[in-house]
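Single-letter residue listing:
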Amino acid sequence: MDRDRMQWGGKLEYLFTCFGYTVGLGNIWRFPYKCYIHGGGAFIIPYLLTVVLCSFPILFLEMFMGQFSSEGPITVWKFCPLFKGVGWAIIFNIFMTNVNYIVIVMYSFYYMLVAFVNIGGPLQWQECQKPWATSQCRNEPFPNYDTIGDESQKISTLQNFMDDSCIKRIRDTLNGSVDPVLFSEFRAVYRSCEIMYHSPEEEYWNRFVLGVHESDGLDDLGPVVGRNALTLLLVWLMVFYCCVRGIRTLAKVIYFTASFPFLVLLILLLRGITLEGHEIGIKYYTEPDYGKLSNMAIWSSAATQAMYSLGVAFGAHIALASHNKFNNSVFRDAIILGCVNTLTSIGGGFVVFAFLGHASFTLNRPIDTIFDDGPGIIFISYLQGISQLPGSAVWAFLFFMVVLTLGVDSVFIMVWTVYRAIEDVFPVIFQKRGKLILVVMCVVPYLLGLPLITNGGIHLLVVMDRYTADFTLTLFLILESVAVCWVYGLRRFIADVEMMTGKKSKIFKWYWMATWGVTAPAFGMFIFVASAVGYTSVSYNGIQTTAGGEAFGWILIVTPFVITLGVAAYQIKKNKGVNAATFEAKDWGPRLKADRQGRYVNEYIHPIESISRMNSYRSDTSFGISRGTEPTFDENPTVNGGYLSFAPNGVSGSGPLQTV
C-alpha cells in the first residue's frame, strides 16, 4: 500500500507557503543586483518577456504536474521515464544552490545582530571614522555645483575633490597650456583625477564583513572568518529546527513573514523618493538604453533571473503542489503567485534604485560606477536608505529580520524538496533513517559553504551564483517542455489538466498550447544560445575569476547534463529501447481512486507494500508530518474494479483505503 501523503490544511496555507518560497532574496537581492550590473531599464525588457513567455507557463506546468500526480520532482517523471534524470539533476542543482544561497542569508543574520546590539546608538556602518575605513570613505553629500554662480568658484570647489598629483601630471602633458576657465571644460579635462569615494556602508561590507581586501582572488581565499562560520552554523540550525517542526507548522508563521516585507519595502520606498538625487536612480531604472539589448549576456541573465525569482525549474513547485487536493484551483494560485512575485521584484527595484540615485549624488559618481559587480547591493543600497530613517537601528533590525525569515523560509523549502523527492524514491530507508538523513542534508552543505566565508570567499560565491543558474535552469525549462508537450503529448496533458480542474476553456487551452508547446521551449533555446554567445567570466571588486574558478563553474553546469544523460541511458536499458522508455509507467496518474477518471479508471495505481510492512506501520514524523494510526489489515487482498486492495479488519473490501 502506498504511503499516506500529507495535504494542506487550507488554500491559504499552500499559497502562503509558496509565497515564503518564491518571495525572498531573489526579489529583494538578486533582481536589483542583476538589474544594476546589466544596465538598469534595459534589463527589465527581457526580464518581463521571459516572465510572460517562459516563467509563467512553466510555473503552471510544474504546479499541474505535482497536483495531478501527487508525486515529487523525481517520481513525477513516471509519465516519461526517459526524462527521469531531469528530476535527479534538479535535485543536485537545488542542493548546490542551497550552499551559496544560505551564505547571503547568514550575512543578513549577522547584520540583524549588529543592528540589535546598537539599538539606541549609531550603527557601525554609518560612520567613516572606523579602523576599517579608508581615506576614500565619505558620507557627506557633495556640493551642488548648479547653485554656484561663479565659474572660478565652481572649479575651486571641484578641485577639493580631486587628486592634486593627478592634476599636476595632466598639466605636464598639456605642455603649459592654460587651464580651461569654464567649469564643464575643466571637469572634462581632469575627470580622471576625481577621487572615487566609497560610502561607509560599502567599505563596512567589503573591508570588515568580508575582508576581501586581504585576498587576491580565488587563488588566495585566506582563512575562514570565525564569526561568519559561527553565524552560518546558527542559520543552519534554524533550518534544521524548521525541518523538524514541519512544513505545516512553518506555513502558519509564513502568514506573517510573507506579508511584513511588503510593509517594510513600502516604508523604504516612501523614504527613498524623498532623498536628494533619487531621480537619478529612478531614471536609470525606468529609462532603458535600447542599444544594450544587443548584448546577449543581458538576455541570458534576465531570463535566468525571471526563472530564479519565481523558483521554477528547482522542483519545489512540483513538491509543494503534490500535497494539494486533486481539484484545487491551481491555475488561480499560479496567477496570484506569479503576479505578486513579479510585482515584488519590480517594486524592490524602485526602492534600491532610489537609494542608488541618492548614493550617486552623495558620492559625486555616475550611477553605473557606484558599486562593483557583486551581490553586496542588499547590504549597501538598502542600508543607505535605512540610515536616513529616524531610529535607523530599529529599522535595520526589522529589515534584516525580514530578510532572514524570507531566506530561511526559502532554504527550508529547498531542503524539504530534496528530502521529499528522494524519500519518494526510497521510502523504506527514509522511514528507518529519516532524521539521520536530514542531519546529513544540513551538515554537508554547511561544510561545503565554509570556503565561501573566507576572506576571498565572495569570489567563489559569485561563481556558484552564476553557474548554478544561467545554463542549468534553462536546460530544465527546455526538457520539461519537450517531455510534456512533444513526448507525453500536449493534448493528453491538457486533457489531464481539464480532468483535474473540472473546467474547460478554449482561451486557456490555446494559451497553454502556444506557451507550453511553442514559446517556452523556443524562448528557452534562444536563451540557452544567448548564454553561450554572451558568455563572460565573472568578477568581483575588479578581480576576474581564475581558470580554476571557471573550471569549477563548468563542473556545476556539466554535472546536471551528465546526470540527465546517465539516467536516460539506464531507463533505455531497463525498458529495452528508447521508444519503450517514453511510455508512461503503469502507476502514472492521480494517486487516489476517487480522482481517477476516463482512461485512468481501470489502470493500476501504486505498488502495494508487503503485509509485514502494513502491520508494522510506524508514524512518520519527518518534517513534522504525522501519518496517524494505521489500521490493521487482514491478509486477504480483494480485487474490486481493477484495484488490488487490503480491507481493514471489520470493513468490507469496497475499494482501496484512501487516507488524507
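Predicted, not measured: the structure shown is a model, and the values here were computed from it.

Another aspect to go through is the state of the cysteines. Applying the stated rule across the entire model yields 2 disulfides. With its sulfur 2.1 Å from that of its partner, Cys128 forms a disulfide with Cys137. Looking along the S-S bond of the Cys128-Cys137 disulfide, the torsion reads about -75°, which is the left-handed sense. The pair Cys128 / Cys137 is uniform in exposure class, with both members buried. With a sulfur-sulfur separation of 2.1 Å, Cys166 is cross-linked through a disulfide to Cys193. Looking along the S-S bond of the Cys166-Cys193 disulfide, the torsion reads about -75°, which is the left-handed sense. On the criterion of sequence distance, the pair formed by Cys166 in helix 6 (residues 164-173) and Cys193 in the loop between helix 7 (183-189) and helix 8 (200-210) is long-range, its members being 27 residues apart. As far as the burial class goes, Cys166 and Cys193 line up, both buried.

A separate point is the packing of helix 2 (residues 25-37) against helix 3 (residues 41-69). Between two packed helices, what matters for the description is the angle formed by their axes and the separation of those axes. Contact geometry of helix 2 with helix 3 gives a least axis separation of 7 Å together with a crossing angle of 125°. In this view, helix 2 runs oblique relative to helix 3, as classed from their interaxial angle. Where helix 2 crosses over helix 3, the two elements pack in a sense that is right-handed. Within the contact between the two elements, helix 2 uses Phe31, Lys34 and Cys35 and helix 3 uses Phe43, Ile44 and Tyr47. Looking at side-chain class alone, the contact of helix 2 with helix 3 contains 5 nonpolar, no polar and 1 charged residues.

Moving on: the packing of helix 11 (residues 260-272) against helix 17 (residues 392-425). Two elements in contact, helix 11 and helix 17, have axes whose closest approach is 10 Å; the angle formed by their N-to-C orientations is 140°. As judged from the angle between their axes, helix 11 and helix 17 are oblique. Handedness of the helix 11/helix 17 crossing: left-handed. The segment helix 11 lies against helix 17, with Phe260, Pro261, Val264, Ile267 and Leu268 engaging Trp395, Leu398, Phe399, Val402 and Leu406.

As a further point, take a nonpolar patch on the surface. On the surface, Phe116, Val117, Ile119 and Val394 cluster together into a nonpolar patch covering about 380 Å² of accessible area. Locating Val117 in the fold gives a position in helix 4 (residues 84-117).

Conventions and cut-offs
- Residues numbered from 1 in each chain as written.
- Predicted model: local features only at pLDDT ≥ 70, side-chain atom pairs only at ≥ 80, totals over all residues.
- Heavy atoms only, no water.
- Disulfide = S-S within 2.5 Å.
- Buried < 20%, exposed > 50% of the residue type's maximum accessible area, 1.4 Å probe, protein only.
- Helix = DSSP H or I, 4+ residues; strand = E, 2+ residues; numbered from the N terminus.
- Axes fitted to C-alpha atoms, helices over the stretch in contact; angles between N-to-C directions.
- Parallel < 35°, antiparallel > 145°, perpendicular 65-115°, else oblique.
- Left-handed = near helix turned anticlockwise from the far one by under 90°.
- Contact = heavy atoms within 4.5 Å.
- Nonpolar A, V, L, I, M, F, W, Y, C, P; charged D, E, K, R; others polar.
- Patch = residues over 30% accessible without salt bridge, like charges linked within 9 Å, V, L, I, M, F, W, Y side chains within 5 Å.
- Areas by Shrake-Rupley, 256 points an atom, 1.4 Å probe, with all protein chains shown as cover.
- Salt bridge = Lys/Arg side-chain N within 4 Å of Asp/Glu carboxyl O.

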